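# Structural overview
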Amino acid sequence: MSRLDDELKIAFQRQEPPADFAAHVLARLNEASVPQARPTVWQRLASVFAMPRLGYAAVGAMALLLIIIGIALLRSPRPAGVENNAPQVAISPGNPASEKPAAGNATPEQNASDKLKSGQPEDGTNASLSSTTAGHHAEPSSRPGGSHRLISHRAPVVAQQSQPQPSAEALAAKEKVLFALQITSETLNDVQRVISDDRPQDEKPEPVQKR
Amino acid sequence: MKSQTRRFLKIILPGLLLVALAATASAQDARIQMSQLDRFNDLADKVISIDVNESLINLAKSVLNPKRSPNEAKIIDILSGLKGVYVKRFEFDKEGSYAAADVEYIRSQLSGPGWEHIANVRSKREGSYDVVLMYEGTIIKGLAVLAAEPRALTVVNVIGAIDLAKLRDLEGNFGIPKFGLEQMPGITVHDNRKDKQPQDEQKKPQDEQKKPQ
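Cut-offs used in this document
- Residues numbered from 1 in each chain as written.
- Chains lettered and ligands numbered in written order.
- Predicted model: local features only at pLDDT ≥ 70, side-chain atom pairs only at ≥ 80, totals over all residues.
- Helix = DSSP H or I, 4+ residues; strand = E, 2+ residues; numbered from the N terminus.
- Buried ≥ 20, exposed ≤ 12 C-beta atoms within 10 Å, placed from the backbone.
- Contact = placed C-beta atoms within 7 Å.
- Core = buried A, V, L, I, M, F, W, Y, C linked by C-beta atoms within 7 Å.
- pLDDT = per-residue confidence, 0-100.
- Pairing = 2+ DSSP bridges.

Once that is clear, we can look at the overall build of chain B. In terms of helices and strands, chain B carries seven helices and seven strands. Shown N-terminal to C-terminal, the secondary structure of chain B runs as helices and strands in the order α-α-β-α-α-β-α-β-β-β-β-α-β-α. Burial analysis of chain B (213 residues in total) assigns 28% to the buried set.

For chain A, the count of helices and strands is eight helices and zero strands. Ordered by position from the N terminus, the helices and strands of chain A form the series α-α-α-α-α-α-α-α. The proportion of buried residues among the 211 residues of chain A is 20%. Of all intrachain contacts in chain A linking residues separated by at least 6 positions in sequence, the fraction that spans at least 24 positions is 47%.

Turning our eyes to something else, we now look at the nonpolar core. If you look at the biggest cluster of nonpolar residues, it comprises 58 residues, and the most contacted ones within it are Val177 and Ala180 of chain A together with Ala60, Val85 and Val145 of chain B. Examining the composition of this core, we find that 14 residues originate from one element, helix α8 (residues 168-198) of chain A, more than from any other. With residues near it in sequence (within four places) discarded, Val85 of chain B still touches Val177, Ala180, Leu181 and Thr184 of chain A together with Ile50, Val52 and Val158 of chain B.

For any part of a model where pLDDT is low, the fine detail of the predicted coordinates should not be relied upon. Residue and element names in this part refer to chain B. Put simply, chain B has an average pLDDT of 77, and 71% of its residues get 70 or more. Confidence drops under pLDDT 50 across residues 174-184; counting only partners more than four residues distant or on other chains, this segment forms 25 contacts. Across the predicted assembly, pTM comes out at 0.50 and ipTM at 0.70.

Now for the environment of Glu126 of chain B. Relative to the assigned elements, Glu126 of chain B resides in the loop between β3 (115-123) and β4 (127-136). Owing to 19 C-beta atoms within 10 Å, Glu126 of chain B belongs among the partly exposed residues under this scheme. For Glu126 of chain B and Ala147 of chain B, which are 21 residues apart along the polypeptide, the C-alpha to C-alpha distance reads 9.6 Å. Once you skip the residues sitting within four places of it in the chain, Glu126 of chain B turns out to touch Val194 of chain A together with Glu149 of chain B.

Turning to the pairing of strand β6 (residues 152-160) of chain B, a few remarks are in order. All names here are of chain B. Most of β6 is tucked away, with eight of its nine residues classed as buried. Bridge count for strand β2 (residues 82-91) against β6 is nine bridges, and the pairing is antiparallel. For Phe90, the partnering residue across the bridge sits in β6 and is Leu153. Of the strand pairs in this sheet, strand β5 (residues 139-149) and β6 are connected by eight bridges, and their pairing is antiparallel. If you follow Ala147 over to β6, its bridge partner there is Thr154.

This brings us to the environment of Glu95 of chain B. All names here are of chain B. Secondary-structure assignment places Glu95 in the loop between β2 and α5 (100-110). Along the backbone, Glu95 and Glu149 are 54 residues apart, and their C-alpha atoms lie at a distance of 8.8 Å. Setting aside anything within four residues of it in sequence, one finds Glu95 in contact with Pro150 and Arg151.

Turning next to helix α3 (residues 54-63) of chain B. In terms of burial, α3 of chain B is a largely internal element, seven of the 10 residues being buried. Turning to α3 of chain B, its buried residues number three or more, namely Leu56, Ile57, Asn58, Leu59, Ala60, Lys61 and Val63 of chain B.

Moving on to the pairing of β5 of chain B. Residues and elements named next belong to chain B. Counting buried positions along β5 yields nine of 11 residues, so the element is predominantly enclosed. Two successive antiparallel strands, β4 and β5, enclose a turn made up of two residues, where Gly137 displays a positive phi of approximately 75 degrees. Here β5 hands over to β6 after two residues, the two strands then running antiparallel side by side.

Moving on, we come to the confidence of the model for chain A. Residue and element names in this part refer to chain A. For chain A, the mean per-residue pLDDT works out to 64, and 48% of the residues sit at or above 70. Here helix α6 (residues 124-127) stands out as the least confident element of chain A, with mean pLDDT 38; helix α1 (residues 3-11) is the most confident, with 90. Confidence over residues 80-160 falls short of pLDDT 50; this stretch has 112 contacts with residues more than four positions distant or in other chains. For residues 202-211, every residue scores under 50 in pLDDT, and the model assigns this stretch 13 contacts once sequence neighbours within four places are set aside.

Right, here's the structure in full:
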């Protein structure tokens, strides 16, 4: 016939499989049917990280999230005004919050600096504050009264520099905190008093706080 | 692709859950809500409302000097562990001015997890008192005192480590001047009785004038 027919005959020519072909196929089938051992937790965990792109993306996202939370916590309002960081507020006579609480509550240093600011003469004890010995602030002088004559007009400035005066805000905060503590203390003592009152008469109540 | 997404979620979801749990744990503090009691601001004869946060406590500590007096040393000792003090006190001119629901509103918060009752007084004559502490291990994390007296309602909420014995000893040892306290920012001491007095005083002379006749 033609050449095409010959080529087709060659192409479709029956070829016998090798003798061990069936044995090979059966062996492969047996291999595939053997159940694979279940991966352990660690293997599964390792397999998660075996995938670099998504694994690292997830870890990166978590790290970013934690960093953002950390920054947010760091930037949250922090306690301010400790020691010398307290905000200084100008003391004005009209501002009740900036006024001194009372003479009894004020410290000798505060009294001294107040009097010095107002230019009032005072006895030797407080006058020593305004003397030029800036390093010896708050130490009462044994010098008798009259030493205020030696006070120069620059003395109050020296005294203020040597003894940082608490701000009015800090004093107001102190009073507020003390007031809150006082009410708390009173309420607690009220509770104790009621408990003591409700006890039978023969029982000796605990000594209540002095009132 | 699906398996990749699943693996991605397997990492992200537990992480998010942990973060959410941590946020919830940090949010659970000893602060109790008292906003419902604000409606007594106009009803009560006298209102005391104090809000002291941590920054204010630190500011107050900067003024206190332990060397100046033993009292100040005690106060500094108490303040060292505090993070906030919140007080509300309402005084009424007659009994029954507040409802049991108002007391229960506070009390329900104090029965939550973490709170432990240390005193629970129910007196027909004196009223009811609850002293509740919140512990974190062996450390006191907060204190709440609810005093529901016949003519007064007081809620005190202290946040932070506190020594009750030291706090009780402080009563009467402050020497806090009352002058100017009402004008202090953050403290509300409103005496409604003052508003009522002028009206009463106006009535009195009229009555006195009538009597001789």
